[in-house]
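The primary structure of each chain is shown beneath.
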Protein chains: 2
Amino acid sequence: MSTTAAAAPRVSERARKMPASPIRRLMPLADAAKARGVHVYHLNIGQPDIETPACMREKLAKAERVLAYSPSGGTPEYVASLSTYYAKLGFTLGPDQLLATTGGSEALLFALFACTEAGDEAILVEPFYTNYNSFAGLAGVTLRPVKARGEDGFHLPPDAAFEAVLTPRTRVFLLCNPSNPTGTVYTREEVERVGAFCRRHGLFLISDEVYREFVYDGRVATSALSLPDSDDFVIVVDSLSKRYSACGIRLGCLATRNPDVHSAALRMAQGRLSPPGLAQLVALGASEVGPEYVAGVQAEYQKRRDVLFEGLGRIPGVFLAKPEGAFYFVARLPVADTDDFAAWLLSDFSHEGATVMVAPASGFYATPGLGKDEVRIAYVLNVDDLRASVKLLEVALQRYREQRGRGQAQPPV
Amino acid sequence: MSTTAAAAPRVSERARKMPASPIRRLMPLADAAKARGVHVYHLNIGQPDIETPACMREKLAKAERVLAYSPSGGTPEYVASLSTYYAKLGFTLGPDQLLATTGGSEALLFALFACTEAGDEAILVEPFYTNYNSFAGLAGVTLRPVKARGEDGFHLPPDAAFEAVLTPRTRVFLLCNPSNPTGTVYTREEVERVGAFCRRHGLFLISDEVYREFVYDGRVATSALSLPDSDDFVIVVDSLSKRYSACGIRLGCLATRNPDVHSAALRMAQGRLSPPGLAQLVALGASEVGPEYVAGVQAEYQKRRDVLFEGLGRIPGVFLAKPEGAFYFVARLPVADTDDFAAWLLSDFSHEGATVMVAPASGFYATPGLGKDEVRIAYVLNVDDLRASVKLLEVALQRYREQRGRGQAQPPV
């Protein structure tokens, strides 16, 4: 049988535009450094080193003999455990207001599709969690970033800045609180201001609160669920990943009191049949995790933050406001191009057999050219490793600036 | 501070259009029947009752103390196990041609986004797996169904039927082989015909092969991976759900030799960070599952199919061609409206304390009005339960037609 062959099909424009992980380009360089015998301290990743509570892992022994589908919206037991969790925070959420999702990622995806048509727009603060680009890409949503300043600890710019990017296609305000990548914990006043902005302009507020427990110096994260008169526009994206150091199980939830949003998300969930079952089993152990676990994790991360904040603050030309939450921050370095610096750290630098890997911040900005002198640093290493990393960064910055010369920014005198 | 409140935001049109599970409407009726003490035989669900192999479940004992992110494309061990699996089928696929996904569902979603822009079209045979509607809805893809006939065992219509729905926006041919819901196993000739059609018109072929092992009477499912000169347009969607009766773990893969499609899917995968980790651990046990497991499962399902085919074939007015694979088939019943009949079975009928639940086939058609006299039946119950179900259906059909009267189709004389 003879057939004429057409040209091979090409992948879609939206697929071609899908961004690669900003770290990925550096991975081969890190692998090569390790192959040369250089120890690499990873300040680039958000995978906590804390153990998943044993009372959660032990639930796996109770797995059924048939690893069957669970209900699309989650097992009644998992959903009930979510209700209990939110009740302790002071929020009453029933099973019709909670939906189990495959990580916070899927909750965000469902929320975006529920709130927008392709071509609609979302306002958010930049720098922002880089994977928002991927979800927005899938949903066909244009992100309209408003720049926050490192000098302000990346707290919210005034309303006028948000008004300036508002268009007739704006449907969503996307807030990450506490913030990845900046570690900013927005004050109650700021969250209320965002809520009022959304109400004034008829926007949904998608509030990504997966770092809720990671707040320091006695702070409390303000959930968008606490906003008065906000039932019809608040959607909270949540996850067990960081809370219980269980990133790999891929379990989260979408919490909303808007029944139409819940219904839409549930129908999307039915399409993909069910969230991971073993993860929901593990999650049931969370009810046995006492408050001392969260307090211990908080204390540990606060100590790590202190080590980095104090250490980095002593390096000439480095600037960061004191991080308030999550386990990331964005620091300004005295270099012109942190993409180059991050690659150089892995390819050309080592000191006493070691180097550090950092995430160039440009990947966390949507506006081209921003973040070129910033890096995102994660503190999921132990205190000794963090101290060693600070020392390495200090030596590296000096040597890099000597090698790269005049092109580099000068430290303030 | 006074603020003017805008109207509350509304969910998107695409969210409103997202279809609910066609079974869902019947669920409250089934629950009510059970509450009345009526036993309900579920011929509506695709959850196998076969145990997940112990050698897979036992891997959970090896879970790490930190349930950490895995690589976005899957752990090297899981990806290697996929290579080994495909090698046994005669297909050489390396780690750059395999991507771990959260069930076959996510593989299908990634494939659709990789191949299409919003507004593009996909050709497929109807009746089809109802959740394709959900994924197409998210991707903004219009499904262009071509009707297959029960008299032909739902085998492919001639090429002319596909040519008739081809438009300049057609990008994809979506094939489910073996087919859910019809149980059709397309012949090698049919798969080659689809391949040639795609090559002739420059289309991607997305081949959903999650029921590959579920083939009866000595049949072998023809994978699209076996098509010659097809590396640039074939994308296989696969899953461990049915193969190892592990639906709840949510693990599958996307297999393609087109590097651009793989790259696009990997970048989407990076956005959602990683596939479920515990599932990938369980999957490693699959290498210890011997061929006798698959042979045993095949024999069991073939026996079940025989019980249903023979039993239903004896009921006046019921028609079905002998199902060839998967564990579903679509049967024609002598009633005018199977949506009404399925509801009546749960609400108004019982015989010796029991009834059956079936899925009306209208939900598996995109063309309005089709499938009104058909049901999808799944055979994931044991043989005794299936025999009881056949008896119940026979009694029910007679009683229903007496009650509903002349409106019903007459059995052929």
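Structure shown above.
All values derive from a computational prediction rather than experimental measurement.

1. Looking at the interface of chain B and chain A
Piece 1. Listed by partner, the interface residues are 73 residues for chain B and 74 residues for chain A.
Piece 2. Mapped by element, the contributors of at least two residues to the side of chain B that touches chain A are α1 (13–17), α5 (103–115), α6 (132–139), α8 (188–201), α9 (259–271) and α10 (277–284) of chain B.
Piece 3. Top element by residues in the side of chain B that touches chain A is α9 of chain B. It accounts for seven residues.
Piece 4. Residue classes in the side of chain B that touches chain A are distributed as 36 nonpolar, 22 polar and 15 charged.

2. Quick look at the relation of the copies chain B and chain A
Piece 1. For the pair chain B and chain A, the best superposition has an RMSD of 0.0 Å and corresponds to a rotation of 180° with a translation of 0.0 Å parallel to the axis. Taken together, the rotation and translation describe the operation of a two-fold axis.
Piece 2. Here 100% of the contact residues of chain B are again contact residues in chain A; the copies associate through an equivalent surface.

3. Some points on the sheet that holds strand β6 (residues 204–208) of chain A
Residue and element names in this part refer to chain A.
Piece 1. Here we have seven strands laid out as an open sheet, ordered β2-β8-β7-β6-β5-β3-β4, and mixed in their pairing. Pairing within the sheet leaves two strands with one partner each, and these edge strands are β2 (98–101) and β4 (142–147). Direction aside, neighbouring strands of the sheet carry axes that sit 25° apart on average.
Piece 2. Bridge count between β2 and strand β8 (residues 252–256): four bridges; the pairing is antiparallel. From the neighbouring strand, Leu99 faces β8, where its bridge partner is Leu254.
Piece 3. Its contacts with the sheet put helix α5 (residues 103–115) on β2, β5 (170–176), β6, β7 (234–239) and β8, and the angle it makes with β7 is roughly 160°.
Piece 4. Running over the sheet, helix α8 (residues 188–201) touches β5 and β6 and is turned about 170° from β5.

4. With respect to the nonpolar core
Piece 1. Core analysis: the biggest nonpolar cluster contains 270 residues, and Ala111 and Leu205 of chain A together with Ala111 and Leu205 of chain B have the highest contact counts within it.
Piece 2. The contact partners of Ala111 of chain B, leaving out residues within four places of it in the chain, are Ile206, Ile235, Val237 and Leu254 of chain B.

5. What to know about the packing of α5 of chain A against helix α6 (residues 132–139) of chain A
Residue and element names in this part refer to chain A.
Piece 1. As a packed pair, α5 and α6 sit with axes 10 Å apart at the nearest point and diverge in direction by 40°. Comparing their axes, α6 and α5 come out oblique. The two elements α5 and α6 meet at a crossing, and its hand is right-handed. Seen from α5, the contacting residues are Leu108, Leu109, Leu112 and Phe113; seen from α6, they are Phe135, Ala136, Leu138 and Ala139.
Piece 2. Residue classes in the contact of α5 with α6 are distributed as eight nonpolar, no polar and no charged.

6. Overview of the sheet that holds strand β12 (residues 374–378) of chain B
Residues and elements named next belong to chain B.
Piece 1. Read from one edge to the other, the open sheet built from three strands follows the order β9-β12-β11, with strand pairing classed as antiparallel. For this open sheet the edge positions go to β9 (328–332) and β11 (359–360), each flanked by a neighbour on one side alone.
Piece 2. Across two bridges, β11 lies against β12 in antiparallel orientation. Opposite Pro360, over in β12, you have Val375 as the bridge partner.

7. Things to note about the packing of helix α11 (residues 291–313) of chain A against helix α13 (residues 383–404) of chain A
Residues and elements named next belong to chain A.
Piece 1. Two elements in contact, α11 and α13, have axes whose closest approach is 10 Å; the angle formed by their N-to-C orientations is 15°. Looking at the two axes, α11 sits roughly parallel to α13. Considering only the axes of α11 and α13, their crossing is right-handed. Within the contact between the two elements, α11 uses Lys303, Arg304, Val307, Leu308, Gly311 and Leu312 and α13 uses Val383, Leu386, Arg387 and Val390.

8. Considerations on α6 of chain A
All names here are of chain A.
Piece 1. Of all eight residues in α6, seven are buried, a share of seventy percent or more.
Piece 2. Every buried residue of α6 is accounted for by Tyr132, Ser134, Phe135, Ala136, Gly137, Leu138 and Ala139.
Piece 3. Gly140 occupies a position one or two residues after α6 and carries a positive phi of about 70°.

Thresholds applied
- Along each chain, residue indices are assigned from 1 in the same order as the chain's sequence is written.
- To read the labels, note that chains go from A and ligands from 1, taken in the order they are written.
- In view of the model being predicted, local features appear only for residues whose pLDDT reaches at least 70, and side-chain atom pairs are presented and counted only at 80 or more, with totals across whole chains, interfaces and linings using the full set of residues.
- Here, residue contact means that the backbone-derived C-beta atoms of the two residues sit within 7 Å.
- The way it works is that DSSP assigns letters per residue, a run of H or I at least four long becomes a helix, a run of E at least two long becomes a strand, and they are numbered from the N terminus.
- Residues were grouped as follows: Ala, Val, Leu, Ile, Met, Phe, Trp, Tyr, Cys and Pro as nonpolar; Asp, Glu, Lys and Arg as charged; and all remaining residues, including Gly, as polar.
- Our superposition of the copies is a least-squares fit, built on the C-alpha atoms of residues whose pLDDT is at least 70 in both.
- At least two DSSP bridges between two strands are required for those strands to pair.
- Here an angle of 0 to 180 degrees is reported between the N-to-C directions of two axes, which are lines fitted to C-alpha atoms, with helices fitted over the stretch in contact.
- Note on terminology: a nonpolar core is a set of buried residues of type Ala, Val, Leu, Ile, Met, Phe, Trp, Tyr or Cys, with members joined through C-beta atoms within 7 Å.
- Labels follow a simple rule on C-beta atoms placed from the backbone: if 20 or more others lie within 10 Å of a residue's own, it is buried; if 12 or fewer, it is exposed; otherwise it is partly exposed.
- Each angle receives one of four descriptions, namely roughly parallel if under 35 degrees, roughly antiparallel if over 145, roughly perpendicular if within 65 to 115, and oblique otherwise.
- By definition, any crossing whose near helix is turned counterclockwise from its far helix by less than a right angle is left-handed, and any crossing with a clockwise turn is right-handed.

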